[in-house]
Amino acid sequence: MNTVFQRTSVLKNCSTHYCPGCGHGIAHRLLAEVVDELNIQDRTIGIAPVGCAVLAYNYLDVDMIEVAHGRAPAVATGMKRTNPDKIIFSYQGDGDLAAIGTAEIIHAAHRAERITVIFINNAVFGMTGGQMAPTTMLGQITATTQQGRNPSNGQGYPLQVSEILALLPGTVYVERCALSGVPGIKRTKAAMKHAFGLQMDDAPGLSLVEILSPCPTYWRMSPAKAMKWIEEEMCKAFPIARLKG
Amino acid sequence: MNTVFQRTSVLKNCSTHYCPGCGHGIAHRLLAEVVDELNIQDRTIGIAPVGCAVLAYNYLDVDMIEVAHGRAPAVATGMKRTNPDKIIFSYQGDGDLAAIGTAEIIHAAHRAERITVIFINNAVFGMTGGQMAPTTMLGQITATTQQGRNPSNGQGYPLQVSEILALLPGTVYVERCALSGVPGIKRTKAAMKHAFGLQMDDAPGLSLVEILSPCPTYWRMSPAKAMKWIEEEMCKAFPIARLKG
Amino acid sequence: MASTNGLYEEIVIAGFGGQGIILAGKLLAQAAMKAGLEVTYMPSYGAEVRGGTANCMVILSNRPIACPIVSAPTALVICNKASLSKFAPRLRPGGQLIFNSSLIEEVHSVPDGVQVIGVPAEEIAIQAGSPKSTNMVMLGAYLGVRGPLTAQQAAAALADVLAERHHKTIPANSEALRRGAEFAASHV
Amino acid sequence: MASTNGLYEEIVIAGFGGQGIILAGKLLAQAAMKAGLEVTYMPSYGAEVRGGTANCMVILSNRPIACPIVSAPTALVICNKASLSKFAPRLRPGGQLIFNSSLIEEVHSVPDGVQVIGVPAEEIAIQAGSPKSTNMVMLGAYLGVRGPLTAQQAAAALADVLAERHHKTIPANSEALRRGAEFAASHV
Amino acid sequence: MAGKIVIDTERCKGCGLCVVVCPKKSIVISKESNKNGYFPAQKTDGDCIGCAQCAIICPEGIIQVCRDQMERIRIVAAPEKHSASHLIEEKA
Amino acid sequence: MAGKIVIDTERCKGCGLCVVVCPKKSIVISKESNKNGYFPAQKTDGDCIGCAQCAIICPEGIIQVCRDQMERIRIVAAPEKHSASHLIEEKA
Amino acid sequence: MSERILMCGNEALAEAAIVAGCDAYFGYPITPQNEITAYMSERMPQEGRVFVQSESELAAINMVFGAAATGKRAMTSSSSPGISLMQEGISYLAGAELPAVVVNVMRGGPGLGNIAPSQGDYFQATRGGGHGDYCTIVLGPASVQELADCMPLAFDLADQYRMTVMVLADGILGQMMEPVTLDPKPRRELPPKPWALTGMKDRKQNIVRSLYLADGALEELNNRFMAKYRQIQDNEVLCEQYRIEDAEIIIVAYGIVARIARAAVDQAREEGIRAGMIRPITLWPFPSEQIGSAADTFRMFLAVEMSCGQMVEDVRLAVAGKCPVLLHGRPGGGVPTAEEVLEKIRQLTIPAGAA
Amino acid sequence: MSERILMCGNEALAEAAIVAGCDAYFGYPITPQNEITAYMSERMPQEGRVFVQSESELAAINMVFGAAATGKRAMTSSSSPGISLMQEGISYLAGAELPAVVVNVMRGGPGLGNIAPSQGDYFQATRGGGHGDYCTIVLGPASVQELADCMPLAFDLADQYRMTVMVLADGILGQMMEPVTLDPKPRRELPPKPWALTGMKDRKQNIVRSLYLADGALEELNNRFMAKYRQIQDNEVLCEQYRIEDAEIIIVAYGIVARIARAAVDQAREEGIRAGMIRPITLWPFPSEQIGSAADTFRMFLAVEMSCGQMVEDVRLAVAGKCPVLLHGRPGGGVPTAEEVLEKIRQLTIPAGAA
Ligand SMILES: Cc1ncc(C[n+]2csc(CCOP(=O)(O)OP(=O)(O)O)c2C)c(N)n1
Ligand SMILES: Cc1ncc(C[n+]2csc(CCOP(=O)(O)OP(=O)(O)O)c2C)c(N)n1
Ligand code: SF4
Ligand code: SF4
Ligand code: SF4
Ligand code: SF4
């Protein structure tokens with residue numbers, strides 16, 4: 001018998017602190033596999049967000065930094081400009097990237113920073129207890145939209161950040177994927193690999209992979225139900241698509 | 001003989017501090033005329049930006065506030081939510097709105113705040129001495145792009161904020177105008193009036209008028225040349241258009 | 001801190017997330033307040049909670065309470081193994097340890113003079129007709145041997161701490177409280 | 001501040017933006033530095049400049065200079081009316097006022113003991129072959145009657161303060177400096 | 001259709017925009033500076049038609065325009081719906 | 001094509017995703033909790049085909065999969081250009 | 001609402017703010033104060049008032065700025081890193097003389113630190129972490145009840161003096177539950193707000209600003225602010241003095257730490273050590289006079305705080321060299337125990353006890 | 001470059017940073033320090049180094065954070081409101097122990113204030129305007145030459161202690177021109193940076209972080225920081241003492257104000273008044289010992305600053321009640337004149353002079 005699937009060594013051999021069924025675990029593994037397969041562990045620097053994935057450096061075995069909430073793209077800019085030969089990625093949640101960090105991601109894209117952004121869209125703020133995120137679905141119940149998100153209550157509409165970023169000349173690649181099943185997971189990995197590959201090729205701009213990712217805890221669903229909900233609900237507001245590049 | 005044009009009383013009877021030929025003076029006058037004609041002076045609250053127009057309250061005779069650089073849309077949110085019957089507008093430059101204030105304008109639009117934004121795009125930071133703005137034209141020489149703006153120097157591309165805002169479901173009206181001549185000025189006034197009118201009608205979202213406006217001083221041109229430059233150059237990167245609504 | 005004048009009971013209730021730890025703590029605090037005691041309740045919070053453990057600290061006293069954080073508990077109500085190893089060493093001499101013997105086989109190394117009672121909480125809960133109320137069994141057990149309150153007082157406070165839609169569980173929870181107390185009282 | 005031991009000259013040069021005020025000030029400072037004096041130069045800056053006026057402050061001394069901001073100048077070089085009314089009242093007794101008589105007809109109310117010289121700067125500049133160098137005429141006039149430096153020393157520093165591409169204007173500017181000095185010296 | 005303009009020359013900054021837009025070339029820049037040091041716009045004896053273009057472009061809002069006949073200029077820019085906001089007309 | 005999986009049950013959180021995706025229904029949730037209090041996944045004697053779906057979805061990355069034949073699975077997801085980034089293949 | 005109910009500090013302060021007439025809450029989630037945001041998201045709309053979950057703390061403080069400028073009672077809350085982001089806005093509130101209430105439920109720092117309780121933002125709160133010369137009134141409650149009682153006081157002080165009032169709590173106070181009663185209490189008479197932006201109906205234009213370019217104008221403004229600040233220092237100091245008359249050692253502590261210190265003081269007294277405590281309730285204005293006059297009789301001061309020593313500087317300034325001032329500081333989420341403080345008291349009083 | 005050239009402070013410090021090996025500058029324009037940004041935009045690319053005009057000050061400080069984490073020498077500059085926006089970032093730099101240089105060319109505040117010179121951000125700089133317990137080294141140069149000399153020192157101190165060094169200048173120092181020489185000076189030996197993020201080639205993973213959740217971990221970190229800070233207080237204080245030996249009155253002033261004070265001291269001496277001056281060059285660590293021992297002989301202290309009185313607190317803490325400490329403060333852009341300071345000296349010394 002041959003081993004057909006084994007944990008990559010770029011993923012440290014320890015348990016995560018994530019809730020059962022959380023997409024962060026899957027995304028981390030894919031990221032680790034991609035770094036492994038592209039053979040860039042020795043020149044990759046990762047940026048952990050503030051969010052449930054703040055401890056990503058405990059799992060991913062690459063040089064990493066933990067940064068202020070939302071500012072990862074600015075930190076990445078500081079790193080990449082001074083180290084153009086390194087592979088720089090940020091890993092950010094939707095609160096981090098689409099709420100407090102809106103200006104930073106838009107301007108990193110605007111300046112065409114040659115970095116890779118892994119954007120985990122789980123439609124809530126996980127870390128702080130499941131509040132509304134800019135990406136929360138209409139009608140979704142969260143800690144701060146206890147009647148369900150409703151634009152006529154001044155709560156806005158699900159924010160399509162990737163669509164915005166794809167508009168900017170400074171992005172070279174924007175794709176939205178989903179972790180909602182094995183095919184989606186495979187596609188996500190391919191997208192990550194493509195994004196990193198572009199950076200390795202010094203493509204002139206930012207590459208971003210948005211990943212629809214389950215948060216069973218604050219969606220108040222079983223992990224399996226959460227996977228379905230991505231496909232049945234989230235994908236409507238956030239269509240899976242290669243938006244650019 | 002009948003008077004066919006006279007200074008509206010909503011524009012205070014004093015000189016401005018603007019440079020000769022500056023578009024802020026024209027935009028102020030139009031704004032004052034619109035407030036006058038819509039008869040809303042007694043319920044309008046204006047927000048002055050940090051930028052050359054910081055002293056707008058010295059010229060516009062409506063209740064006004066001066067706010068931190070870039071934060072006008074947040075301030076407007078605080079005002080409008082607590083005073084839905086008032087007419088709230090912000091007046092912001094491109095440094096204010098498109099650089100430091102990116103997150104605030106995007107999220108005010110995202111939340112569909114029922115406010116009106118007058119966005120003066122003069123392609124530079126005027127107040128601080130003519131540095132590059134996100135809206136600076138490619139090749140344009142500024143205090144911080146002394147070789148001309150060049151994306152391959154990591155300086156990015158002219159940022160089309162209005163196009164982004166038009167994408168969001170929370171905006172009800174987005175139009176780009178130019179002060180580059182009498183027809184453009186008339187069109188700008190009409191757009192302003194439309195935007196305010198929507199707010200008066202309690203239309204469910206943000207209305208924004210982007211105004212291409214001359215800064216002869218930091219464009220290093222005569223006022224007349226600056227007007228031409230808007231039409232011949234700026235309009236290429238920033239097409240005059242009713243983008244939404 | 002232990003004190004000479006009167007009651008100063010510092011309780012830690014600990015277990016898995018999902019075992020109803022928080023509810024047990026709130027119920028104890030609520031009942032104490034109704035009984036006219038000084039009381040504080042302090043939950044574990046934030047990212048601490050991620051990873052599946054939960055605990056809360058309740059202090060009951062008849063004089064002002066200093067700090068709601070309990071560093072050396074006088075009583076421990078322990079619902080899973082991980083919590084046992086975390087908190088047992090901190091017990092004050094003379095303290096009380098109640099542990100869930102349905103999930104924990106053995107208790108080693110407790111400080112001197114600690115009274116230890118193992119409660120087969122799952123079995124008792126099942127007997128009480130509500131397998132989910134192990135938390136109530138455990139709290140009942142504590143009240144049965146040590147608490148300055150009775151299990152009945154706790155049961156009377158259930159309506160205050162349970163959301164309206166869970167009020168139908170009050171009888172089963174009351175029963176679990178009662179049986180827990182009974183068990184403990186007869187196993188001292 | 002005026003001092004007993006030696007030189008402490010505090011000069012304000014003021015006028016419209018576009019009159020070359022800044023350049024005149026920098027030239028004076030540069031020449032003074034080359035002459036081994038202590039020197040500071042302080043421009044008006046930021047939004048102050050908007051609205052069309054400009055001024056700068058230069059202090060020349062042979063001992064350390066306290067603060068580059070001049071509240072009570074010992075000498076004033078005034079190129080337009082608005083600046084005259086702003087600065088003239090602050091002149092120190094015994095100070096020097098040089099004004100551009102091409103733009104300012106009359107000078108009222110200066111402090112006691114101030115020496116006043118009107119310089120027809122535009123005419124002299126035209127005579128010197130460079131209508132734009134009124135700033136140099138005015139600076140020359142100052143140096144002709146008061147400065148611890150000569151107009152020649154200033155002329156010799158022109159190459160340091162002018163951008164390379166303006167070096168062709170050095171002869172005309174030198175001439176303007178010379179003529180300004182000459183005029184003032186003969187009109188004390 | 002004769003017109004007449006009044007320029008507040010002491011407040012004029014001499015930007016020259018009115019000069020450029022005047023279809024009748026009846027505004028010029030003065031050779032005398034005003035008290036702020038600007039060379040202001042000055043109307044000539046040319047045949048002003050009262051079109052108000054100069055006033056509309058003047059950043060300082062310091063040109064007043066009169067005309068023989070009373071008339072309202074309508075800009076019909078955004079008259080799609082009927083509400084306060086769509087009554088787009090210039091003040092006569 | 002027989003397969004075999006090894007689950008690190010002490011690290012399993014019992015999310016059940018592997019159970020759901022297994023096409024052969026050869027994983028179930030155990031009735032015994034592990035030391036962290038989770039009820040872990042457990043392979044059954046069912047006919048695992050070594051498709052690795054469970055391993056690919058497992059958020060904890062704790063399933064190892066073996067199979068009879070050595071074989072590489074290629075996902076041809078984005079092979080448009082030729083560069084390091086387009087060598088999309090799963091590690092066998 | 002006069003019954004005692006068991007509430008956590010975060011919810012109690014939120015409800016108390018509503019009772020105090022808070023018109024609008026703007027905030028962004030952060031632990032350990034998320035209960036405030038969640039509670040307000042539910043309750044404010046129920047009351048027909050305004051709740052907005054802002055996109056960031058920057059936006060939140062500027063929304064407060066906007067609402068306050070129209071004369072409304074507005075507040076925000078956050079925890080340490082979020083409060084840092086508000087420093088520019090707080091400085092603007094000061095410059096524009098707008099009333100606002102800001103709650104900081106402090107956590108361990110610097111940086112992301114942790115979410116444990118802390119008092120590490122004392123300097124930031126009392127020295128103005130923003131730019132320029134300004135002060136904010138800072139309240140340091142020590143129980144859930146006091147936290148609730150702070151809110152009407154905070155709004156009143158804010159309106160009376162047209163400035164920001166910061167309520168400085170910590171992770172424990174925010175999270176702990178205690179019995180609390182939320183009766184509306186008698187309130188001060190407050191000045192009207194003729195400066196508010198309401199549209200210039202039947203009056204001249206109002207302007208809210210902080211830019212003063214004219215020569216000397218900003219200096220004059222600063223001096224006026226200073227006069228106001230002195231008035232507040234004269235009139236608004238709150239502090240509790242506990243068993244200090246004959247004390248040979250005085251603990252100075254605020255917030256939750258003061259409760260711990262009080263237990264230690266009681267214990268020490270039982271052991272025959274003459275210990276006492278001064279508890280500042282207003283951290284700015286600081287009870288310098290009270291501490292200063294306590295220092296006139298020679299004794300020892302021990303500042304106890306959950307930081308490396310911040311408030312201790314105010315104690316030193318107040319004591320002005322008259323007595324020794326020592327520090328027992330626990331930073332980064334460390335919470336001193338009563339035993340620990342007692343032990344410190346014992347150590348410090350050995351010579352005195354021996355004499 | 002050993003010739004004297006006439007440069008404005010902003011450009012001089014920028015060029016000095018380049019000479020000091022600054023790898024990257026990130027900044028956002030703001031008056032009165034725009035010359036730094038403009039100068040760097042031209043010179044850094046010429047030197048093959050990095051210049052980025054950031055979208056905001058938040059972004060700028062976080063770009064510094066990123067570059068510094070990779071072991072590069074990075075800096076930013078701004079003025080008061082912009083520095084307020086950096087407080088979260090500065091706290092993170094402290095938590096993550098990254099070296100960075102931040103220049104604050106102070107202007108009048110609070111709020112938008114004005115663009116005149118000021119020293120109103122002293123508290124923010126020395127007390128940590130951000131959250132949590134941390135310090136930054138703060139340098140207060142008094143001339144264009146010293147401003148330039150500060151830069152290599154700032155980078156060296158930052159690297160040696162892995163912390164932020166803030167250079168606190170003001171609108172005058174930034175804008176004024178003075179002769180300056182920019183010779184590279186002898187420099188300290190610096191530790192290597194094995195912690196830097198460079199990709200884990202031939203070594204284990206490096207992590208730069210400020211979150212410490214484990215029980216007691218953050219407290220330990222804070223205590224380690226405190227030990228480091230004490231070491232800096234012991235070793236890095238810089239201050240100038242001027243004619244203080246026999247002085248009956250000692251002025252304490254820093255930055256441009258110290259030059260004004262020196263002139264007043266000289267003038268006072270001419271009048272027979274025994275005046276002297278202590279000029280802190282490092283504002284943190286503050287020369288408390290020097291001032292404290294000067295206070296051992298009874299005399300009077302007069303703090304002169306361009307604020308309502310911030311540094312004066314450090315003087316009071318240092319003097320610890322041994323002598324009276326008075327303040328002459330000019331906030332909001334007011335610049336004290338030497339005459340004004342002299343007059344104050346005269347007033348304060350009348351009784352002494354009469355005696
Ligand atoms: C300045 C600041 N504001 C707020 C927080 C609190 N906070 C931590 S994570 C987070 C949002 C997390 O949501 P998201 O980015 O979607 O990540 P997730 O946890 O869902 O993976 C917030 C608001 C903080 N740490 N710092
Ligand atoms: C926090 C902060 N950062 C920077 C500044 C400095 N500043 C003032 S205005 C301005 C930009 C002005 O540009 P823009 O918004 O385009 O307006 P304009 O002056 O061109 O009309 C900047 C950077 C400030 N006042 N506050
Ligand atoms: S809260 Fe949601 S995002 Fe965070 S670890 Fe749990 S499941 Fe994952
Ligand atoms: S600098 Fe430009 S934008 Fe500012 S007043 Fe002058 S012309 Fe207008
Ligand atoms: S447009 Fe106005 S400001 Fe410009 S020149 Fe004409 S009148 Fe003067
Ligand atoms: S997917 Fe992984 S963590 Fe989830 S039940 Fe299966 S083995 Fe356990």
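Residues numbered from 1 in each chain as written. Chains lettered and ligands numbered in written order. Predicted model: local features only at pLDDT ≥ 70, side-chain atom pairs only at ≥ 80, totals over all residues. Heavy atoms only, no water.

1. Quick notes on the overall build of chain G
Secondary structure summary: chain G contains 13 helices and 15 strands in total. Here the C-alpha atoms of chain G give a radius of gyration of 21 Å, agreeing with the 20 Å that 2.2 N^0.38 yields for 355 residues. For chain G, the spread of C-alpha atoms along the three principal axes comes to 75 × 50 × 40 Å. Here chain G holds 355 residues, and 72% of them are scored as buried. Residue pairs in contact within chain G that sit at least 24 positions apart in sequence constitute 79% of those at least 6 positions apart. (Helix = DSSP H or I, 4+ residues; strand = E, 2+ residues; numbered from the N terminus. Rg over C-alpha atoms; globule rule 2.2 N^0.38 Å. Buried < 20%, exposed > 50% of the residue type's maximum accessible area, 1.4 Å probe, protein only. Contact = heavy atoms within 4.5 Å.)

2. Quick notes on the sheet that holds strand E14 (residues 300-305) of chain G
Residues and elements named next belong to chain G. In spatial order, the strands read E10-E12-E11-E14-E15; together these 5 strands make up an open sheet with mixed pairing. This sheet does not close on itself; its edge strands, each paired only once, are strand E10 (239-242) and strand E15 (325-329). Averaged over neighbouring strand pairs, the angle between their axes works out to 20° when direction is ignored. Pairing geometry for strand E11 (residues 249-252) and E14, over 4 bridges, is parallel. (Pairing = 2+ DSSP bridges. Axes fitted to C-alpha atoms, helices over the stretch in contact; angles between N-to-C directions.)

3. Some words on helix H1 (residues 21-34) of chain C
Since one α-helical turn is 3.6 residues long, residues separated by three or four positions face the same way. All names here are of chain C. Its 14 residues give H1 an end-to-end C-alpha distance of 20 Å, which sits within 8% of 20 Å, the value for a rise of 1.5 Å per residue. Taken across its 14 residues, H1 has 10 buried, putting it largely inside the fold. The complete set of buried residues in H1 reads Ile21, Ala24, Gly25, Leu27, Leu28, Ala29, Gln30, Ala31, Ala32 and Met33. (Expected span 1.5 Å × (residues − 1).)

4. Some details on the domain arrangement of chain G
Bring the parts together and some accessible area is lost; that lost area is often taken as the interface size. Residue and element names in this part refer to chain G. Each assigned domain of chain G is listed with its residue range as follows: domain 1 (5-235) and domain 2 (239-348). Using C-alpha coordinates to define each centre, domain 1 is positioned 27 Å away from domain 2. With 33 residues of domain 1 at the contact, the number on the domain 2 side is 25 residues. Summed over both sides, the interface between domain 1 and domain 2 buries roughly 2,300 Å², with carbon and sulfur atoms accounting for 56% of that surface. Among the residues domain 1 hides against domain 2, the three largest losses belong to Gln119, Tyr122 and Phe123. Together they make up 30% of the total. Where domain 1 touches domain 2, the interface holds 3 salt bridges. Its salt-bridge partner being Arg259, residue Glu178 comes within 2.6 Å of it at the nearest N-O pair. Counting across the interface, domain 1 meets domain 2 through 14 residue pairs in polar contact (both at pLDDT 80 or more). (Domains from an automatic or database assignment. Buried area = accessible area lost by both parts, 1.4 Å probe. Salt bridge = Lys/Arg side-chain N within 4 Å of Asp/Glu carboxyl O. Polar contact = N/O pair within 3.5 Å; in protein donor to acceptor, adjacent residues only side chain to side chain.)

5. Concerning the arrangement of the chains
Pairwise contact counts over the 16 pairs of chains in contact peak for chains G and H. Taking C-alpha atoms only, the smallest gap left between chain C and chain D, which are not in contact, amounts to 47 Å. Nowhere do chain A and chain E come into contact; their C-alpha atoms are at least 22 Å apart.

6. Comments concerning the environment of Met42 of chain D
By the element assignment, Met42 of chain D lies in strand E2 (residues 38-43). In this structure, the C-alpha to C-alpha distance between Met42 of chain D and Cys56 of chain D, residues 14 residues apart in sequence, is 5.5 Å. When sequence neighbours within four positions are dropped, the list of residues in contact with Met42 of chain D reads Asn55, Cys56, Met57, Pro68 and Ile69 of chain D together with Gly171, Ile172, Gln175 and Met176 of chain H.

7. Describing the pairing of strand E12 (residues 275-280) of chain H
Residue and element names in this part refer to chain H. Burial analysis of E12 places 6 of its 6 residues in the buried class, which makes it a mostly covered element. In terms of strand pairing, strand E10 (residues 239-242) meets E12 through 4 bridges, oriented antiparallel. Across the sheet, residue Gln241 finds its bridge partner in E12, namely Ile278. Alignment of strand E11 (residues 249-252) against E12, held across 4 bridges, turns out to be parallel. The residue bridging Ile250 from the neighbouring strand is Gly276, located in E12. Regarding the hand of the β-α-β motif, the stretch spanning E11, helix H10 (residues 256-270) and E12 is right-handed. (Right-handed = clockwise from strand over helix to strand, strands pointing away.)

8. Quick word on the side chain of Thr188 of chain A
Residues and elements named next belong to chain A. Looking at where Thr188 falls in the secondary structure, it is placed in helix H6 (residues 182-200). Polar side-chain contacts of Thr188 include one of 2.7 Å to the backbone oxygen of Gly184. The residues contacting Thr188, other than those within four sequence positions of it, are Leu30, Cys177, Ala178, Leu179 and Ile211.

9. Things to note about the sheet that holds strand E1 (residues 3-7) of chain E
Judged by pairing direction, the sheet is antiparallel, and its 3 strands sit side by side in the order E1(B)-E4(E)-E1(E) without closing on themselves. Looking at strand neighbours, the two that pair on one side only are strand E1 (2-5) of chain B together with E1 of chain E, the edges of this open sheet. On average, adjacent strands in this sheet sit at an angle of 35° to one another, irrespective of strand direction.

10. Details of the relation of the copies chain H and chain G
Each of the two copies of the chain can be brought onto the other by a rotation about an axis and a shift along it. Once turned by 180° and shifted 0.0 Å along the axis, chain H lies on chain G with an RMSD of 0.0 Å. A rotation of that kind, with that shift, is consistent with a two-fold axis. Minimal C-alpha distance to the rotation axis in chain H is attained by Gly129 of chain H, lying at 1.8 Å. (Least-squares fit on C-alpha atoms with pLDDT ≥ 70 in both.)

11. Observations regarding the packing of helix H1 (residues 21-34) of chain D against helix H4 (residues 134-145) of chain D
Residues and elements named next belong to chain D. Packing of H1 against H4 leaves a shortest axis separation of 9 Å and a crossing angle of 40°. For the element pair H1 / H4, the angle class is oblique. Read as a crossing pair, H1 and H4 show a hand that is right-handed. Along the contact surface, H1 presents Leu23, Ala24, Leu27 and Leu28, while H4 presents Asn135, Met136, Leu139, Tyr142 and Leu143. (Parallel < 35°, antiparallel > 145°, perpendicular 65-115°, else oblique. Left-handed = near helix turned anticlockwise from the far one by under 90°.)

12. Topic: the interface of chain H and chain G
In this complex, chain H contributes 53 residues to the contact, which on the side of chain G involves 53 residues. Carbon and sulfur atoms make up 60% of the area that chain H and chain G hide from each other, which totals about 4,300 Å². For the pair chain H and chain G, the interface holds 4 salt bridges. Arg127 of chain G serves as the salt-bridge partner of Glu313 of chain H, at 3.1 Å between the closest nitrogen and oxygen. On the surface where chain H and chain G come into contact, there are 28 residue pairs in polar contact (both at pLDDT 80 or more). Taken together, the residues of the side of chain H that touches chain G sort by class into 19 nonpolar, 26 polar and 8 charged. (Nonpolar A, V, L, I, M, F, W, Y, C, P; charged D, E, K, R; others polar.)

13. Notes on H10 of chain H
Residue and element names in this part refer to chain H. The first and last C-alpha atoms of H10 sit 22 Å apart over 15 residues, in line with the 21 Å expected at 1.5 Å per residue. Burial in H10 covers these residues: Ile256, Val257, Ala258, Arg259, Ile260, Ala261, Ala263, Ala264, Val265, Gln267, Ala268 and Arg269. A positive phi of about 90° marks Gly272, the residue just after H10.

14. Remarks on the confidence of the model for chain E
Across chain E, the average pLDDT comes to 80, with 73% of residues at or above 70. Every residue in residues 73-92 of chain E scores below 50 in pLDDT, and together they form 47 contacts with partners more than four places removed in sequence or on other chains. (pLDDT = per-residue confidence, 0-100.)

15. As for the pattern of salt bridges
Taken as a whole and judged by the stated rule, the model has 102 salt bridges over all chains. Between Glu37 of chain A and Lys189 of chain A there is a salt bridge; the shortest N-O distance is 2.7 Å. In this pair, Glu37 of chain A is assigned in helix H1 (residues 23-38) and Lys189 of chain A in helix H6, connecting sequence segments 152 residues apart. Assessed through its relative accessible area of 23%, Glu37 of chain A is described here as partly exposed. A salt bridge links Arg187 of chain H to Asp156 of chain H, with the shortest nitrogen-to-oxygen separation between them at 2.9 Å. Of this pair, Arg187 of chain H sits in the loop between strand E8 (177-180) and strand E9 (207-208) while Asp156 of chain H is found in helix H7 (residues 144-161), placing the two residues 31 residues apart along the sequence. Residue Arg187 of chain H is classed as partly exposed on the basis of its relative accessible area of 35%. Looking at Asp156 of chain H, the relative accessible area reads 3%, which means it is buried. Shared partners join several salt bridges into a network, and the residues in it are Arg29, Glu33, Glu37, Lys189 and Lys193 of chain A.

16. A short note on the state of the cysteines
Taken as a whole and judged by the stated rule, the model has 0 disulfides over all chains. Considering cysteine sulfurs only, Cys58 of chain F is the nearest to Cys14 of chain A, which forms no disulfide, with 13 Å between them. Its sulfur unpaired, Cys22 of chain G is 15 Å from the next cysteine sulfur, which belongs to Cys150 of chain G. Overall, the relative accessible area of 0% leaves Cys22 of chain G in the buried class. (Disulfide = S-S within 2.5 Å.)

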